[in-house]
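# Observations on chain architecture
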Amino acid sequence: MAAVFLVTLYEYSPLFYISVVSLCFVVTAAMVLGWFGFDVPVILRSSDETESILPTPEKQMVQVTNPFALEMGSGAASVTDGVSVRACCLEPCVLSCFWGCEVSALQGALQVHQHGPRLSTPQHFQEALHLHYHHCQSFHIGSDDREERHTQIPADRGITDFGPLPRERYPLVAVLTLAEPEARDTYNIVASVTVIHVPDDKYGLSARLVFQYLLTSQGNMYELKPLFMSADSGGVSGPPDSEHHSTTPSEATEEAHSMEQRPVLEEEVEEEEEEEEEEDKRWSEGTDRDCVVCQNAAVNRVLLPCRHACVCDSCASHFQHCPICRAFILESFALTQGPAAEQ
Ligand SMILES: [Zn+2]
Ligand SMILES: [Zn+2]
């Protein structure tokens, strides 16, 4: 079959025949040389063997205590019936719920925080939003107060939805600020802003946290992003962690979770895209989650950009792709540094 083809090709054009056979020879020779370890241009090699083990760059992180946490409460949520949220804060806080807050007004307020006076009290937020919201409701939250708060727009306002998509208003913006002025000097983070989607007749997507920002006293703004960790610790002690993948930050007491904001080191430099991660502290306090690769050491590496926390320090150096999702690893950082990580 191949011989017939070659003969036909030769009869058709001897020159073309010679070039095809030569090309095949060169490619075969390159592959053979490549197998024996000779340096052949990458374009001639198969892609499997090109995965050389380069260490992934370490992302420099700073550990910061976040006094605020907010998560969705239980029960149904709707614009007409309101929504329950649960705040869990290290210090007494004020929870301000801005219903129907204009998207542009919130962006403007966050700009004010970055370039003007810092937004560290509910009054600051109200002024910065210029009343571009339908309704504001405030709650005082004590420290370690995990009670759910129910907020809703008063029925006499007659607001049942926020119009067709795309919308100009967020259904609910929940702002947490420290209640006591002296506490504001203790923490680098002065406010947390959570945008919550609440379903209505026009857009029935279930209630959820859309995004969360933390505002610092230096005028920076960080978006909170969840880490993806195994929720199952393999039957070791410790309660089941239902909140592992939630975007809620948490606190540093034993009972609750701890959350660490870890922006890149250079605080003064213009920083826009800095990652900031939250994590659950409990795993490092005994319930060690095993590395998915060696099953032997505790998980201590967060892979970026996919944010899977699934391998230990030594295994992380052997991969260029995330073992969970196969995403290329651009950077990684350690959940805990120093001897604590070594067990
Ligand atoms: Zn490992
Ligand atoms: Zn991944």
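Residue indices begin from 1 for each chain and proceed along its sequence in written order. A letter from A marks each chain and a number from 1 marks each ligand, given out in the order of writing. Reporting in this predicted model follows two pLDDT cut-offs: at least 70 for local features of residues, and 80 or more for side-chain atom pairs to be given and counted; totals over whole chains, interfaces and linings ignore these cut-offs and use all residues.

## Here's the deal with the UniProt feature "domain: RING-type" (unreviewed entry) in the protein
Taking the UniProt record as the reference, the feature "domain: RING-type" (unreviewed entry) is found at residues 291–326. We count a stretch as a helix when DSSP gives it H or I for four or more residues in a row; a strand needs E for two or more, and each element gets its number in order from the N terminus. In the segment residues 291–326, helix accounts for 11% and strand for 22%; the C-alpha atoms at its two ends are 16 Å apart. UniProt positions are given in the numbering used here, feature names are shortened, and annotations may be inferred rather than shown by experiment.

## Comments concerning the environment of His 321
Along the chain, His 321 turns up in the loop between helix H6 (313–316) and strand E15 (331–334). With 18 residues separating them in the primary sequence, His 321 and Leu 303 have C-alpha atoms 9.1 Å apart. Any pair of residues counts as being in contact when their C-beta atoms, constructed from backbone geometry, are within 7 Å of one another. Excluding its chain neighbours within four sequence positions, the residues that come into contact with His 321 are Arg 326, Ala 327, Phe 328 and Ile 329.

## Describing the sheet that holds strand E10 (residues 221–223)
Any two strands with at least two DSSP bridges between them are considered paired. Judged by pairing direction, the sheet is antiparallel, and its six strands sit side by side in the order E5-E4-E7-E8-E9-E10 without closing on themselves. Where the open sheet ends on each side, the last strands, each with one partner, are strand E5 (135–141) and E10. Across the sheet, the mean angle separating the axes of adjacent strands is 20° when strand polarity is ignored. Alignment of strand E4 (residues 93–102) against strand E7 (residues 169–178), held across nine bridges, turns out to be antiparallel. Residue pairing in the sheet places Cys 97 in a bridge with Ala 174 of E7. Fitted lines through C-alpha atoms give the axes, limited to the stretch in contact for helices. The angle between two N-to-C directions lies from 0 to 180 degrees.

## Observations concerning the environment of Tyr 222
With respect to the helices and strands, Tyr 222 occurs in strand E10. Field definition: a residue is buried when 20 or more other C-beta atoms are found within 10 Å of its C-beta, exposed when 12 or fewer are, and partly exposed for counts in between, with C-beta atoms placed from the backbone. Taking the number of C-beta atoms within 10 Å as the measure of exposure, Tyr 222 has 21 and is therefore buried. Separated by 33 residues in sequence, Tyr 222 and Ile 189 place their C-alpha atoms 9.8 Å apart.

## What about the confidence of the model for the protein?
Think of pLDDT as the predictor's per-residue confidence, scored from 0 to 100. This prediction gives the protein a mean pLDDT of 75; 75% of its residues lie at or above 70. Note on residues 46–50: pLDDT is under 50 here. Beyond four places in sequence and across chains, it has two contacts. Residue range residues 233–287 is modelled with pLDDT below 50. Its contacts to residues more than four positions away, or to other chains, number 112 contacts.

## Section: the pairing of strand E6 (residues 148–151)
On E6, burial follows the alternation: Arg 149 and Thr 151 on one face are buried, whereas Glu 148 and His 150 on the facing-out side are not. Here strand E3 (residues 83–87) runs beside E6; their pairing, made up of four bridges, is antiparallel. Residue pairing across strands places Ser 84 opposite His 150, the latter belonging to E6.

## Digging into the pairing of strand E13 (residues 301–304)
Sheet analysis places E13 next to strand E14 (residues 308–311), joined by three bridges and oriented antiparallel. Following the sheet pairing, Val 302 is matched in E14 by Ala 309. Once E13 ends, the chain turns through three residues before running back antiparallel as E14, passing Arg 307 with a positive phi of about 65°. Alignment of E13 against E15, held across four bridges, turns out to be antiparallel. Paired with Leu 304 across the bridge in E15 is Glu 331.

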